[in-house]
Amino acid sequence: MKKLFLLLSCLSSFYSFSQIRGTVTDEGGLPLPFVNIYIENTYIGTTSNEKGQYELNIQNREQVAVIYQYLGYKTQKHILQINQFPHYFDVRLKEENYNLQEVVLSSTENPANGIIRNAIANRKQNSMKTARFTADFYSRGIFRLKNAPKKILGQEIGDFDGALDSTGTGILYLSETVSKIIFEKPDNLNEKIIASKISGRDNGFSYNTARATIYDFYDNTIQFSISMISPIAENAFGYYKYSLDGTFYDERNNLINKIKVIPRRDTEPVFEGYIYIIEDSWAIYGIDLDIKGYRMKEEFLDVMKLKQNFSYNETNQIWAKNSQSLEFEAGAFGIKFTGKFTHVYSNYNFKQDFDKKTFSKEVLSFEENANKKDSTYWNVMRPVPLTEEENSDYIRKDSIQLVRKSKPYLDSIDRKNNRFKIDKILTGYSYQNSEKNWRLNYSGFLKMPHFNTVQGWNLSTDLSYTKRNDDDRKYTTFGTRFNYGFAEEKLRVTGYFSSRLDAKTNSFLNFSGGSQVVQFNQNQPISPFLNSMASLFFKENYMKLFEKNYVSASYSQEVINGLFASASLEYAERKPLFNNTDYVLIKNNKEYLSNNPLDATDFVNGGIDKHNLMKFNLNTRINFGQKYISRPDGKINIANNDYPTLILGYEKGFAGNESNYNYDFVAGRISYEKSLGNKGTFAINLKGGKFFNAEEISFVDYSHFNGNQINVSAENRYLNNFNLLPYYSRSTNDSYMETHIEHNFDGFIMNKIPLLNKLKSTLIIGYHQLAIPDVKPYQEFSVGLDKLGFGKFKLLRLDYVRSYNGSQYVGDGFMFGLQLLSIFD
């Protein structure tokens, strides 16, 4: 009975979705990609692929009026009498003859400006016509790589599972989705993925979703990596000039204005190209705009091309987006990336309102077996036919996958990769079983050595075992780390066990223990690499260390959507450490400071006495308004920028070898970030805490604050640290309030300043404040430039900072930020 039902379902699907097929070319026979093709007065449509080929699904054999619309060409309507399926129909489109004679030219007014003003005045009205709808959605994404080298930084990059040919060229990623969407402006979305397909992955779930395609030019800004200004935004005339390149009439005798969009300033977040506006209704007819990478602060992106086509329904008199394409070119070091996303919206049903229960925090889910649809399904349901290249990629990679998942192949690869050579003792070695998906790894000794005055030069190496389950994204890993300090002549060993128990609740169980050298401020305000450089070249040893011999256990998970909880228990012996070397690379007359964070001149005492303590921590994090994507292999959380994140914590120190080490501590933190459109991004981080019964606790357990005395940072944002504060100058066992504020103008100001706009940088202002009892509040004011550098490499941030105790000036300085420094730790 089930088999019969399945057969009837398949026959029904073939009958319900039959196809008109063909190719759209210009008069010279060249294929036209991204032609808007739809049935007149409906929202049943499709678009042509890169070769001009199209497939239009219809439900019955009937007489059909099909519209062929392509920006720059005359729209054609053809009445097709359908007798059998598939029905083949090729079309040749003629270039549009633009006319300027209809326009009354004025010596005082650019005619394009009047059209744009009308479009702006009617922007909200036109936007509300498509404010609520249901629709079918199709997406296809493709990434190509060209001229990839054999190695990058000495590491072989391989052929990406058969994607690249001998020249380093090929399709890296090809994916499709079919979904049903329910949408309400500005950002309510309910999307159900019906089918998902990734070339070469039979268990893949595509990330191509409608959520990532909502580029609405009726909004003031369109969000890419930064907020881009719409050509019909309220303040558009401050960013664009316009030219009326011509007019033409569509098949319904609507007058369409082709407006050239011209940036006023080259470095601002603006588009260039064409926007097509319908006379009288002033709605958008089409979009054909370019985005330069440097204008959106993405230097490795050369250009992105965005096209949108709109179709019209006389019944409801609504122009709705039917198709959209997004192409890009990017690259560096001679490597070129290209990509294209094609999106088709069809079967719109516009609503006056939705039931309150229509939308929830779940914005995306997958139908059962969405990634198991076979080629028969895709051949019927795919609205945009595959090109020969895409079809070949599916066939080739699916064949490669079958081979590469086979036991003989996996065993042969493992035999090759698992070969041991004597140099692996230094460089590292791994042994894997690909069939069972586990790996043993030894990291080797040839990693970046670090230096501090306690250990001198010190090296680390790791041994680990990892077992993964790709179907549900669970994994278990355990291992050990060896660290040896040459000046101290001491080996320390730690071990750990970590398991991801559930990808949907993101639950983790962790155990660790051993002996290690730890900074008093365990947030590690100074990295091992930066401390090494400061010590070896300038004889400044700001990193203060103690020894911790410990065992700990922790568990964390998402309790309900947006509420995360974690608990940990640790027993530790803490011991003071002292300098064991005065080595330096560049000789100078300075002396190293002591390792005592309380007194840099005290070389006898270590800042703490040897002691033992148990610590219990309970923490919660609440992401208010959090939305999420439900995937069969887990849950992906989406932050809601309309609301802050709240963190609450409780820590208890107990069972100390002396009672004065015991204490209670409560803390809270609120962080919030908000995009202000084209005016940048505002972010704030507020923290506060209070100790109880903590008058004589160890300095280890104080609240320490992330200062900086080397004027260099590997961070790209300073929302959790100070720029000039000495590292342990305001550590407290009482109460504190900490404030960090930054506003990144994303080019809003710098783009308008002559000469300075050539830097293509962004202006950042900041404020930092720390208040503890009985001391005047410490404050910092900063102004800086981010994305400084040369060519595509905009990696430097430079800030000027002034610090105050209350209103009393303390000092000033420059902070250099370089994110690449983090790779050395």
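Below is a short write-up of the structure. Remember, it's a predicted structure, so these values are computed and weren't measured experimentally.

A few words on the overall build of the chain. Each helix and strand in the chain was counted, giving eight helices and 44 strands. The principal-axis extents of the C-alpha atoms in the chain amount to approximately 95 × 75 × 50 Å. In the chain, of all internal contacts separated by at least 6 residues, the share reaching a separation of at least 24 is 61%.

All right, on to the sheet that holds strand 5 (residues 63-69) then. Pairing in this open sheet of four strands is antiparallel, and the strands run 3-2-5-6 from one edge to the other. Two strands bound the open sheet, and with one partner strand each, they are strand 3 (45-47) and strand 6 (76-81). Put simply, the sheet's adjacent strands are angled 20 degrees from each other on average, direction ignored. Here strand 5 runs beside strand 6; their pairing, made up of six bridges, is antiparallel. Residue Ile-67 lies in a different strand from strand 6, and its bridge partner there is Lys-77.

A few words now on the environment of Phe-508. Looking at the element boundaries, Phe-508 is found in strand 30 (residues 507-519). The buried category is assigned to Phe-508, whose relative accessible area is 16%. Beyond its immediate stretch of four places on either side in the chain, Phe-508 contacts Tyr-475, Ser-498, Ser-499, Arg-500, Ser-554, Tyr-555 and Ser-556.

With respect to the element layout, Gln-432 can be found in strand 24 (residues 429-433). Reaching out from Gln-432, the side chain makes a polar contact with the side chain of Ser-434 at a distance of 3.3 Å. What Gln-432 contacts, discounting residues up to four positions off in sequence, is Asp-414, Asn-417, Asn-418, Trp-438 and Arg-439.

What follows deals with the pairing of strand 9 (residues 132-146). Sheet topology note: the strand 9/strand 12 (residues 170-184) ladder contains 14 bridges and is antiparallel. Its bridge partner lying in strand 12, Thr-134 is registered against Ile-182.

Let's shift gears to helix 8 (residues 528-538). Here helix 8 has its buried residues at Phe-529, Leu-530, Asn-531, Ser-532, Ala-534, Ser-535 and Leu-536. Once helix 8 ends, the next one or two residues include Lys-539, with phi positive near 55 degrees.

By the secondary structure assignment, Glu-547 is in strand 31 (residues 545-560). One polar contact links Glu-547 to Lys-490, side chain to side chain, over a distance of 2.9 Å.

Thresholds, definitions, all that
Residues numbered from 1 in each chain as written. Predicted model: local features only at pLDDT ≥ 70, side-chain atom pairs only at ≥ 80, totals over all residues. Heavy atoms only, no water. Helix = DSSP H or I, 4+ residues; strand = E, 2+ residues; numbered from the N terminus. Contact = heavy atoms within 4.5 Å. Pairing = 2+ DSSP bridges. Axes fitted to C-alpha atoms, helices over the stretch in contact; angles between N-to-C directions. Buried < 20%, exposed > 50% of the residue type's maximum accessible area, 1.4 Å probe, protein only. Polar contact = N/O pair within 3.5 Å; in protein donor to acceptor, adjacent residues only side chain to side chain.

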